Number of protein chains: 2
Amino acid sequence: MTEKKRRGRPRQAEVARLAGVSQTTVSLVLGGNKQGIVIHEDTRRRVLEAARTLGYVPDPAARRLAAAQNNLLGVFSFTATFPTDPAHSYYPFLVGVEREAAARGFDLVLFTGSSTGGAGAEAPGALERVRLADGCLLFGRHVPTGPLRRLVEDGFPLVHVGRRDEVEGLTWVGADYVAASAEVVRHLVAAGHRRVVLVREDDDAPASTDREAGFRQGLAAAAGGEGAGGDQGVEGDQGAGGEKGVEGAVVRLRAPAEELTADWVVAQRAAGVTAFVAEETDTGAAWRALRGAVARAGLRAPDEVSLALLGSPPPDLPADGEATGFDIPRAELGAAAVRALTDLLAGRRPGGTLARCAFRPGSTTGPPPTATT
Amino acid sequence: MTEKKRRGRPRQAEVARLAGVSQTTVSLVLGGNKQGIVIHEDTRRRVLEAARTLGYVPDPAARRLAAAQNNLLGVFSFTATFPTDPAHSYYPFLVGVEREAAARGFDLVLFTGSSTGGAGAEAPGALERVRLADGCLLFGRHVPTGPLRRLVEDGFPLVHVGRRDEVEGLTWVGADYVAASAEVVRHLVAAGHRRVVLVREDDDAPASTDREAGFRQGLAAAAGGEGAGGDQGVEGDQGAGGEKGVEGAVVRLRAPAEELTADWVVAQRAAGVTAFVAEETDTGAAWRALRGAVARAGLRAPDEVSLALLGSPPPDLPADGEATGFDIPRAELGAAAVRALTDLLAGRRPGGTLARCAFRPGSTTGPPPTATT
DNA sequence: TTGTAGGCGTTATCAC
DNA sequence: GTGATAACGCCTACAA
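Since we're looking at a predicted model, the values are computed, not measured.

Time to look at the overall build of chain A. From N to C terminus, chain A includes twelve helices and 13 strands. Classification of the 373 residues of chain A by burial places 52% in the buried group. Within chain A, counting contacts between residues at least 6 apart in sequence, those at least 24 apart form 68% of the total. Of the roughly 16100 Å² of accessible surface on chain A, 53% is carried by carbon and sulfur atoms.

Spelled out as structure tokens, the structure:
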């Protein structure tokens, strides 16, 4: 086929011939010489000179092969949404991942099959491909525990970004959604709200569970004791209130979209609900549903109703940048994940990471309206 | 040292042992088997089965060394700014790259040293790492032509994103900055402006050259013939005007920042300049300098002065989203680059690509103020 | 149809 | 100090 690459890429052997030494010596001089072997300054100079005139550059493949390490960190994402949809995307994490990986001398492998919205991640064995890297970072709201468990059992270095306890022995780094969500709720209660509703998606991803836990915790703290109500469908009613009269309810979105109507919003307000919070997910479904319903009900935040988002608004809704909520330190998390992974590779036990999310005051919350409806 | 990684990275030899065949047979079954050698269905099945249970994945370094392909496309970026600086970043391109690569069954390797602002890209041989991949995409305002030429001469498949003619034989896909810039200028002239100044950086990257060419072309078209003035420093005066009295001048930023003062803006306006355009670069320096100077001069667009950007505003200036200018179809370009690269890999000659940029009307331009100063 | 042997370019282990 | 020699994992003649 293609003339073979040969000639044009000098190897150590040629450098050796030119310098009149053995190939081993060339390797010693050019390579780090980690073994601390002493070499004549003359020899050394000759080798360097020869390498320079020949324009010698080490072959990365050979180098990695010999080193029995590829200096490659994988990035695999199990994503619900299509990866090119800007609404999802692990790119924000990627900047931290890249920075840290670069600092540690690793290149990155983006496993695309992973994110081909269905075709890839499901494909049996798709995940197996990560073995080509020295270790791998995992992203996703849900993960296929079966194949993953196998990788873990084989001792393949893996770090999941986001809490993930389903798989025994899987290392993860995450953000403290519980504390951050609680803080948002406290903010609402402090502003005077007494009845708050959380809108969330219907699947039980750790990211959702944590947010709900934080929501309840925030209410409980405000109430001075007990937590909020239980899970209900859209038509569900409020949960038990706390001692200070602080009450909360959780609404699960059965279908991805349009489940929340203007009527529902009106009914909630009639029942005394003055603030709504929605969880952030990769699709942003809860938040979209909430703000859509509120808009259709003709209500405006923060004057007529308070809205908060447990996270950041989806990138395709830049106008929502001022929503009250919290910011996930994505780049930081990405970097922390890389550190954990390299720890694993070095045989060290990575220290646990639970990054703090910064509260974002925003402008969609305020005191509850004095008059009702 | 560290127990060696082994165990957890199955080799063909182990698959062979498990399947009760030789390592060659494994290679034949698992590798493409390009030679069309026929293998017993039984053997084949046994090998496949063994590979699956062991979770075998070929080692990319070894494959490359043996001159085979890895289904890996590289991404290497020569960037001036620090890669983690959101102001720059090739991420917008990456979504297109990833989508197209996934569609064609390739994974991506992000060569990180590439963008470590200095440490990586400069290191001799840093670029050589791309040889681990089957081919590579290149990004950057400037590139080290030496090392690049070498790869090209070796026939390594490379595609540069953005026009790049310095390196003979290098394939590139780009956006038509000339036409897009001319369109912006025509827009200004059509609005009534007669004296326009282009602010650009001082290096001669193709991206800058093209924009200036478009600027001149736009003026020339408006003037019904001749182009605009020549290059000048900040203190330079206007170039020759066209027949309809349309004049333009080009100002180069000598230093990255603060070169443009309020006084300069005032002087320009006194000289009859009613519109300014700035080129977009990875740092956004020209645009920042221009809008800063205009702001300090106390002028507001579009009422007192018209401002346009030859490109999109930097991501860290979201408020500038409404600047008149044009949008580079980054994802499209990324995808086109992948197509070109896979064409190269398949031995096909990639068709040239010069993507069209969409004009963005924005709200920073309007008719020139009727009264002066 | 399957196995044996050699090589790709480096690094690492020993003798010399 | 320096140089054979043996991996590293895979591919591909060529032999059986």
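Still more to cover.
Turning our attention to the packing of helix α5 (residues 91-103) of chain A against helix α12 (residues 330-345) of chain A. Residues and elements named next belong to chain A. Following both chains from N to C, one finds α5 and α12 inclined at 40 degrees, their axes separated by 6 Å at the closest point. On the basis of the axis angle, α5 is oblique to α12. Both α5 and α12 take part in a crossing whose hand is right-handed. Two secondary-structure elements touch here, α5 through Pro92, Phe93, Val95, Gly96, Val97, Arg99, Glu100 and Ala101 and α12 through Arg330, Ala331, Glu332, Leu333, Gly334, Ala335, Val338 and Arg339. Considered class by class, the residues forming the contact of α5 with α12 number nine nonpolar, two polar and five charged.

Glancing now at the protein's contact with DNA strand C. In the vicinity of DNA strand C there are 25 residues, among which Arg11, Gln23 and Tyr56 of chain A together with Thr24 and Thr43 of chain B approach most closely. Counting only the atoms of DNA strand C that lie within 4 Å of the protein, the sugar and phosphate share comes to 66%. Between a phosphate oxygen of DNA strand C and a side-chain N or O atom of serine 27 of chain A, the distance comes to 3.0 Å. Taking threonine 24 of chain B, its side chain carries an N or O atom lying 2.7 Å from a base oxygen of DNA strand C. For the surface near DNA strand C, the secondary structure elements donating two or more residues are α2 (23-30) and α4 (60-67) of chain A together with α2 (23-30) of chain B. Of the residues that constitute the surface near DNA strand C, the class distribution is eleven nonpolar, ten polar and four charged.

This paragraph deals with the environment of alanine 255 of chain A. Residue and element names in this part refer to chain A. Relative to the helices and strands, alanine 255 resides in the loop between β8 (247-253) and α10 (262-270). Taking relative accessible area as the criterion, alanine 255 reaches 31% and is therefore assigned partly exposed. Residues alanine 255 and proline 367, 112 residues apart in the sequence, show an inter-C-alpha distance of 31 Å.

Let us look at the pattern of salt bridges. Enumeration according to the criterion identifies 57 salt bridges over all chains in this entry. A salt bridge links arginine 9 of chain A to aspartate 59 of chain A, with the shortest nitrogen-to-oxygen separation between them at 3.8 Å. Taken together, the residues arginine 9 of chain A in the segment before α1 (12-19) and aspartate 59 of chain A in the loop between α3 (41-54) and α4 connect sequence positions 50 residues apart. For glutamate 247 of chain B, the salt bridge is made with arginine 195 of chain B, and the minimal N-O distance between the two is 3.0 Å. Of the two residues, glutamate 247 of chain B sits in strand β8 (residues 247-253) while arginine 195 of chain B sits in strand β6 (residues 195-201), which places them 52 residues apart along the sequence.

What the rule picks out here adds up to one cavity of 30 Å³ or more. As a volume, the largest cavity reaches approximately 30 Å³. Contributing to the lining of the largest cavity are Asn70, Arg131 and Leu132 of chain A together with Arg9, Arg11, Val57, Pro58, Asp59 and Pro60 of chain B.

In this section: the relation of the copies chain A and chain B. Note on the copies: chain A fits chain B at an RMSD of 2.7 Å, the axial shift is 0.8 Å, and the rotation between them is 177 degrees. Expressed as an axis order, the relation between the two copies is that of a two-fold axis. Most of the interface of chain A is mirrored in chain B: 88% of its interface residues are interface residues there too.

Next up on the list: the packing of aromatic side chains. This model, assessed by the stated rule, comprises 14 aromatic pairs over all chains. For the ring pair tyrosine 90 of chain A and tyrosine 91 of chain A, a centre distance of 5.6 Å and an interplane angle of 35 degrees mean the geometry is tilted. Like tyrosine 91 of chain A, tyrosine 90 of chain A is buried. Taken together, a centroid distance of 5.5 Å and an interplanar angle of 25 degrees make the contact between tyrosine 90 of chain A and phenylalanine 139 of chain A stacked. With tyrosine 90 of chain A in the loop between β1 (72-78) and α5 and phenylalanine 139 of chain A in strand β3 (residues 135-140), this pair connects stretches of sequence that are 49 residues apart. The pair formed by tyrosine 90 of chain A and phenylalanine 139 of chain A is uniform in burial state, with each residue classed as buried. Taken together, Tyr90, Tyr91, Phe93 and Phe139 of chain A together with Tyr90, Tyr91, Phe93 and Phe139 of chain B form an aromatic cluster joined through their ring pairs. Over the ring of tyrosine 177 of chain A we find arginine 211 of chain A, and its NZ or CZ is 4.0 Å from the ring centre.

A few words now on the side chain of glutamate 128 of chain B. Relative to the helices and strands, glutamate 128 of chain B resides in the loop between α6 (119-122) and β3 (135-140). Judged by its relative accessible area of 3%, glutamate 128 of chain B is buried. A polar contact is formed between the side chain of glutamate 128 of chain B and the side chain of arginine 9 of chain A, at a distance of 3.3 Å. Sequence-distant contacts of glutamate 128 of chain B, that is, excluding residues within four places in its chain, are made with Arg9, Val57 and Pro60 of chain A together with Arg150 and Leu151 of chain B.

Judged by nonpolar contacts, the single largest core of 90 residues is most densely connected at Leu94 of chain A together with Leu94 of chain B. Beyond its immediate sequence surroundings of up to four residues, leucine 94 of chain B is in contact with Tyr91, Leu94 and Leu110 of chain A together with Val75 and Leu110 of chain B. The next biggest cluster of nonpolar side chains, apart from the first, holds 40 residues, and it includes Leu132 and Leu151 of chain A together with Phe78 and Val152 of chain B.

What follows covers the protein's contact with DNA strand D. In the vicinity of DNA strand D, 26 residues are found, and the nearest of them are Thr25 and Thr43 of chain A together with Arg11, Tyr56 and Arg63 of chain B. Considering DNA strand D, the proportion of its atoms within 4 Å of the protein that are sugar or phosphate atoms stands at 69%. Residue histidine 40 of chain A places a main-chain N or O atom 3.3 Å away from a phosphate oxygen belonging to DNA strand D. In this structure, aspartate 59 of chain B approaches DNA strand D through a main-chain N or O atom, which is 3.2 Å from a phosphate oxygen. Among the residues forming the surface near DNA strand D, the class breakdown is twelve nonpolar, ten polar and four charged.

What follows is about the domain arrangement of chain A. Residues and elements named next belong to chain A. Looking at chain A, the domain boundaries give domain 1 (12-58), domain 2 (72-176 + 330-358) and domain 3 (177-328). Together domain 2 and domain 3 conceal approximately 1800 Å² of surface at their shared face, both sides included; 47% is due to carbon and sulfur atoms. On inspection of domain 2 and its partner domain 3, the count reaches five salt bridges. For arginine 330, the salt bridge is made with glutamate 280, and the minimal N-O distance between the two is 3.0 Å. For the side of domain 2 that touches domain 3, the class distribution of residues is seven nonpolar, three polar and seven charged.

Rules behind the numbers
Residues numbered from 1 in each chain as written. Chains lettered and ligands numbered in written order. Predicted model: local features only at pLDDT ≥ 70, side-chain atom pairs only at ≥ 80, totals over all residues. Heavy atoms only, no water. Helix = DSSP H or I, 4+ residues; strand = E, 2+ residues; numbered from the N terminus. Buried < 20%, exposed > 50% of the residue type's maximum accessible area, 1.4 Å probe, protein only. Contact = heavy atoms within 4.5 Å. Areas by Shrake-Rupley, 256 points an atom, 1.4 Å probe, with all protein chains shown as cover. Axes fitted to C-alpha atoms, helices over the stretch in contact; angles between N-to-C directions. Parallel < 35°, antiparallel > 145°, perpendicular 65-115°, else oblique. Left-handed = near helix turned anticlockwise from the far one by under 90°. Nonpolar A, V, L, I, M, F, W, Y, C, P; charged D, E, K, R; others polar. Near = heavy atom within 4 Å. Polar contact = N/O pair within 3.5 Å; in protein donor to acceptor, adjacent residues only side chain to side chain. Salt bridge = Lys/Arg side-chain N within 4 Å of Asp/Glu carboxyl O. 1 Å grid on protein atoms, 1.4 Å probe; cavity = no way out; pocket = protein on both sides within 12 Å on 5 of 7 lines; lining within 4 Å. Points joined across faces, edges and corners; volume = space filled by probe spheres on them. Least-squares fit on C-alpha atoms with pLDDT ≥ 70 in both. Phe/Tyr/Trp six-rings, centres within 6.5 Å; stacked < 30°, edge-to-face > 60°. Lys NZ or Arg CZ within 6 Å of the ring centre and 35° of its normal. Core = buried A, V, L, I, M, F, W, Y, C linked by side-chain atoms within 4.5 Å. Domains from an automatic or database assignment. Buried area = accessible area lost by both parts, 1.4 Å probe.

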